[in-house]
Amino acid sequence: MVEKIKLGLVGFGCVGQALYNIITNESLPIEVVKICVKDRDKNRSLSSDNFTFQYRELVEDPEIKVIVELIDDADAAFLMVKQALIAGKMVVTANKKMVAEHLEELMMLRENGGKLWYEAAVCGSIPIVKTMDQFYNHEPIHEISGILNGSCNFILSQIENKGVDYQQALTEAQELGFAESDPLLDVGGYDTMNKLVILLCHAYGITASPSNLCTIGIQNLKSQDLKFAKQRGFKIKLVARAVREGDKVQAYVMPCFVESQHALSQVNNEFNAVLVKGKYTDDHLFTGKGAGGAPTAASVIADIYATEGQKDYDYYKWNANKDMVYSNDVSLPIYLRYKTAKDLEEFGFQHIWSEGPYEQGGFVLGKTSLENLWSLNSYIEEQGITVISAGLLQDTVKATSQMSKETFDLVG
Ligand SMILES: NC(=O)c1ccc[n+]([C@@H]2O[C@H](COP(=O)([O-])OP(=O)(O)OC[C@H]3O[C@@H](n4cnc5c(N)ncnc54)[C@H](OP(=O)(O)O)[C@@H]3O)[C@@H](O)[C@H]2O)c1
């Protein structure tokens, strides 16, 4: 008889319950010894003797070799994972915010004997972390462009294809279990940035703080922006990008215009995709469901099985590429829809292809620095300014000059 993997589960929400259901329905050789949750008054689908409110019980139980952390509180999750790694446990998590904010520390904590897996933290069901860590370990990667957040992609697809409004699409994403408990994590681009930070480590050997990289979400997009894009044959997608030049990698998260022939254009709803451009491998496109209980839990299960081998990630590039750094020192072509003259001034455009009035403010299609955009992240969010990158367009000048001809009559 196969010996069961004995685990302690923390969190019994969307992903935790899906995990439990798959283990039970598929009769997997995994035994959930105890489940730690927070709310003592919640009705549960299992009898109360399955649960505890004391995380300590899981870490101190010698029978439990694997801790699976699936809670929606990144700070509490870090303390739990830290304790488990120090205790020499095998730890599986789906918490991208926690991993992105503490990656270097987590890597060091593994020296206590514990091991850590987090495949489900990036793109739900797509096995991109392990692939990046092991398949691409020697491959110089020129570029990564990805749709890494299922909720945002679902919202943008619903607005574009069904003509629903933003709030309606967000509510539906929440009801379907795609969205984070705090929706700003999704729509503000922060969840996407957390995932990009994890990929930067495995793809380039860079550990960066999410707050040091330019993050612009989709919450300020208006229907006229989508209409503007659609009439030119573009879609708007929330894209995480990393582009390498020498030892520098520019990285950002921003809504981007995407042409119909681009690989990311046909990725809709809760699907995610990662386009990797390698020096020798050329282009690879990975796609699959990036959110939802079952697809995410399936990834968690792959990690639970991996604990049997007791070998987590190699971090080959992090160990080898000590000279590689991220850099905001680059210019980007952007579309800006601003409200006041002060807004426009703040953006310090280095070059403007076209501009014009819109309502009280106006539009600009021009070039500004990534450093400047990063320093304006809070300002953009608070002032309700729209910024869309034109950096994925094949020929920005051609595309933007075409935009300029019709900009104002179409969008008004
Ligand atoms: N949902 C997705 O599609 C998806 C996709 C990829 C990754 N993830 C990640 O997976 C994790 C879980 O997401 P979810 O959607 O399953 O969240 P969720 O549905 O909101 O469930 C959260 C669970 O965490 C428990 N919890 C919160 N704080 C706790 C604490 N201090 N101690 C013990 N339990 C605590 C809650 O307990 P109570 O039941 O007592 O309230 C609840 O069971 C998050 O890190 C998320 O980013 C989610």
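Only a predicted model underlies this, so the values are computations on that prediction, with no experimental measurement involved.

Student: Explanation requested: the nonpolar core in the structure shown.
Tutor: Generally speaking, nonpolar side chains in soluble globular proteins are found buried as a group. If you look at the biggest cluster of nonpolar residues, it comprises 114 residues, and the most contacted ones within it are Leu19, Val68, Tyr118, Tyr204 and Phe257. With nine residues, helix 9 (residues 190-204) is the single largest residue contributor to this core. Of the residues that make up this core, three or more belong to each of domain 1 (1-327) and domain 2 (331-411). By size, the runner-up hydrophobic cluster in this structure holds 18 residues, among which are Cys214, Ile216, Phe347 and Val387.

Student: How should the pattern of salt bridges be read in this particular structure?
Tutor: A side chain with one charge can pair with a side chain of the opposite charge if their charged atoms come near. Throughout the structure, instances matching the rule amount to 13 salt bridges. In this structure, Lys289 and Glu270 form a salt bridge, with 3.7 Å as the shortest nitrogen-oxygen distance. A residue pair is termed long-range when its members are at least 10 positions apart, and Lys289 in strand 12 (residues 282-289) and Glu270 in the loop between strand 10 (248-259) and strand 11 (271-278) qualify at 19 residues. Using a relative accessible area of 13% as the deciding quantity, one classes Glu270 as buried.

Student: What exactly am I supposed to notice about unusual backbone geometry here?
Tutor: Most peptide bonds take the trans configuration, and most residues that are not glycine carry a negative phi. Positioned with a positive phi, Ser27 is a non-glycine residue whose angle comes to about 45 degrees. Here Gln310, not a glycine, exhibits a phi torsion of approximately 55 degrees, which is positive. Among the structural elements, Gln310 can be located in the loop between helix 11 (293-306) and helix 12 (316-320). Residue classification places Gln310 among the partly exposed residues on the basis of a relative accessible area of 48%.

Student: I'm lost on the side chain of Asn328 in this one. Help?
Tutor: In this fold, Asn328 is placed in the loop between strand 13 (325-326) and strand 14 (331-338). At 3.5 Å, the side chain of Asn328 forms a polar contact with the backbone oxygen of Asn212. The residues contacting Asn328, other than those within four sequence positions of it, are Asn212, Leu213, Ala251, Leu370, Glu371 and Trp374.

Parameters at a glance
Residues numbered from 1 in each chain as written. Predicted model: local features only at pLDDT ≥ 70, side-chain atom pairs only at ≥ 80, totals over all residues. Heavy atoms only, no water. Core = buried A, V, L, I, M, F, W, Y, C linked by side-chain atoms within 4.5 Å. Buried < 20%, exposed > 50% of the residue type's maximum accessible area, 1.4 Å probe, protein only. Helix = DSSP H or I, 4+ residues; strand = E, 2+ residues; numbered from the N terminus. Domains from an automatic or database assignment. Salt bridge = Lys/Arg side-chain N within 4 Å of Asp/Glu carboxyl O. Polar contact = N/O pair within 3.5 Å; in protein donor to acceptor, adjacent residues only side chain to side chain. Contact = heavy atoms within 4.5 Å.

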